[in-house]
Amino acid sequence: MALTAFTGPVVSADASGARRGGRIALLLLLPGIAYLLLFFLAPLVSLVITSLQTPSETVFGQYDFTFNWQNYGEVIGTYSEQILRSFLYALLATVFALLFSYPLAYFIGVVMRRWPLVQSLLLILVVAPFFISFLLRTLAWKQILSDEGPVVSTLKALALLGPQDHITGTPIAVVFGLTYNFIPFMCLPLYTTLERLDMRLIEAGRDLYAGPATTFRTVTLPLSMPGIVSGTLLTFIPAAGDYVNASSQFLGGTSSTMIGNVIQSNFLVQLNYPAAAALSILLMAIILVLVGVYVRRSGTEDLL
Amino acid sequence: MARGLFAESGADLELVGVRKEFPGFTAVEQLDLTIAAGTFFALLGPSGCGKTTTLRLVAGLEEPTAGRILIGGADVTDTKPFRRPVNTVFQSYALFPHMSVLENVAFGLRRRGIGDPLGKAHTALQLVELDHLAERKPAQLSGGQQQRVALARAVVNRPALLLLDEPLGALDLKLRRQMQLELKNIQTEVGLTFVHVTHDQEEAMTMADTVAVMNKGRIEQIGAPEELYELPRTSFVANFLGQSNLFAGEVVESGDATIGVQAAGRRILVPTERAQRRSGSVTVGVRPEKLLLLTEEPAATAGINVLGPGRVTDVSFSGVSTQYLVEVPGVGTIIVFAQNLVFGPVVERGAEVWVSWRVEHGFGLSDAPVSSIAQAHEALVGGAEA
């Protein structure tokens, strides 16, 4: 009892210290919280409200709030094809970007470790495309892949493409554009994990009877999971909602329309705000669920 | 290496003319070495002497610039590390952070398709007294525990050749002694060949059957621990393995039984068969515990070397023995270890003393003489830092 009596004030001093620390933390968080409230939560609430509106009976182009849940059913019915296509394209682009970026990041982060200068030069080359607007770069690809461009004429000369075939306006061009545009987002997180990869662990694997392929599968790949997870998220999430690559002004066509193009057209062309809002909310919800399942399953908490 | 099977016994290791150059320096100059199967071999040397590189060459993690490496008679110079019947306990432990302790230990067994990998991993963990932590991740263990896991992960594979790169460095003294015994037990029980790299001369001497002292990429001397200690051949060995009193001088008489060396006006006799050089300028020496301190000049006796008179400049008590530093004019400082047969030191600082030792305890070194003990110490320290 005497002991608890003595420890009493000490504990309360600790608690008040913690409370003071909590207050400072709260103060530091305030700008962030305010930012989120103003620029994320408020538009989100407004979007949810818009998604439940119905067209006004009297004034064209005006909408009234009526708790119209059917908006969601309608957009799913009308645009299910585009929704599925978006996620398929995003998935393909993510896989291709990963397949392309992993060897590249490994080369820069591991093989080139002994030459830091070359390493930074290569990293600059990966980031260099950011110096030009991605709209311009995508337009440039449209030129390169156009029917009169070098790629199509070469493929036609080799009889790999028929005389009536195109590349622009096809799903191939859209997935290509998405892959191309998101490679730096995949490459940089992969590089940061691979750059920290402890080569002594690779040596330990080789010492313990694991050949190069087995060492990669059992040691290198699991250790680079944090980079793979953040890279794929940084690619998949924006790619699923992308509306530039699939737009018919860029690399897409009518057969390759993605959800982003549908939302854009509903908001800006058809002025059907409730449908556009409902699609946006839907897109966000699906991505949240997919990402949640993905992060849980990849189990990277231990590594972070 | 055959899948699903353990090595039946240790294998002998042979290095023939092995040399390893890195850009800018040579880590291993020229190494010819044969380690018999089933022995506990220690490579002893200061840091940077090339002992870890030697180990990595045997493991296959480095390729030799020249020379061949043979394990059990088979040339493995061009064999990939994962095909060599060798396991390493790394100095950095190199435990896989994404696997549990148990999976770390079972890793090698799984790769070789050995039956019941988890059961065998548990047994290996029991050996290092860590079975209760089998489900933890390596990051949740202390340094000493991680080191023991690294040991279990290598030993569980029963390799023909086990390489240990300073494996006991992070353990406290009690655990270190325990692990030394454990390692020795494993080695004799299974008959594996152990190659142990260390800079701890006491560890090397207590554990190993054969010790090789390495310096600047070369092996200075190989032999049983007693042999290396009692009859060092170079001043590096004489000073790295314990301490020595060294005297430089000219050989003035050369007989069948002894040679006489004139050092600082005094004659020191050394047995002929214990002297590497028998003419010209030589360095001879004697271990500090072989010396006797005398407070009055002894009568000249056959078979006894005497130096003195000198002054005691320092007395330090270390429990079992007392170390005296004796300044003898013209010779330099002589270290004397005297067992504490009585309470307290026998002589005080400033006392006038003579030192004597039996002729058969002296040894003659093979390397070029150094003019004083101070220089010998400098050479040693320089060698250790290089």
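About the criteria used
Residues numbered from 1 in each chain as written. Chains lettered and ligands numbered in written order. Predicted model: local features only at pLDDT ≥ 70, side-chain atom pairs only at ≥ 80, totals over all residues. Heavy atoms only, no water. UniProt positions renumbered as here; feature names shortened; annotations may be inferred. Domains from an automatic or database assignment. Helix = DSSP H or I, 4+ residues; strand = E, 2+ residues; numbered from the N terminus. Contact = heavy atoms within 4.5 Å. Buried area = accessible area lost by both parts, 1.4 Å probe. Salt bridge = Lys/Arg side-chain N within 4 Å of Asp/Glu carboxyl O. Polar contact = N/O pair within 3.5 Å; in protein donor to acceptor, adjacent residues only side chain to side chain.

Going by the annotation in an unreviewed UniProt entry, the name recorded for chain B is Spermidine/putrescine import ATP-binding protein PotA, with Naasia aerilata given as the source organism. In its Catalytic activity (unreviewed entry) section, the UniProt record describing chain B reads: "ATP + H2O + polyamine-[polyamine-binding protein]Side 1 = ADP + phosphate + polyamineSide 2 + [polyamine-binding protein]Side 1." The heading Sequence similarities (unreviewed entry) in the UniProt record of chain B holds the text "Belongs to the ABC transporter superfamily. Spermidine/putrescine importer (TC 3.A.1.11.1) family."

Going by an unreviewed UniProt entry, chain A carries the name ABC transporter permease and comes from Naasia aerilata. Looking at chain A in UniProt, the text filed under Sequence similarities (unreviewed entry) is "Belongs to the binding-protein-dependent transport system permease family. CysTW subfamily." Chain A has a UniProt comment under Subcellular location (unreviewed entry) that states "Cell membrane".

Peer 1: Break down the domain arrangement of chain B for me, with residues and values.
Peer 2: The assigned domain composition of chain B is domain 1 (13-227) and domain 2 (243-385). Each of domain 1 of chain B and domain 2 of chain B has a C-alpha centre, and these two points are 38 Å apart.

Peer 1: How would you explain the UniProt feature "domain: ABC transmembrane type-1" (unreviewed entry) in chain A if you had to name every residue and give the values?
Peer 2: Taken from the UniProt record, the annotation "domain: ABC transmembrane type-1" (unreviewed entry) applies to residues 83-294 of chain A. The span residues 83-294 of chain A shows a helical share of 73% and a strand share of 0%, and its end C-alpha atoms are spaced 19 Å apart.

Peer 1: Residues and numbers for the interface of chain A and chain B, please.
Peer 2: With 19 residues of chain A at the interface, the matching set in chain B holds 26 residues. The contact between chain A and chain B buries some 2000 Å² in all, and 65% of this surface belongs to carbon and sulfur atoms. The largest per-residue losses of area from chain A upon contact with chain B belong to Asp207, Leu208 and Tyr209 of chain A, which jointly make up 41% of the total buried on that side. The tally of links from chain A across to chain B stands at one salt bridge. For Arg56 of chain B, the salt bridge is made with Glu203 of chain A, and the minimal N-O distance between the two is 2.6 Å. On the surface where chain A and chain B come into contact, there are seven residue pairs in polar contact (both at pLDDT 80 or more).

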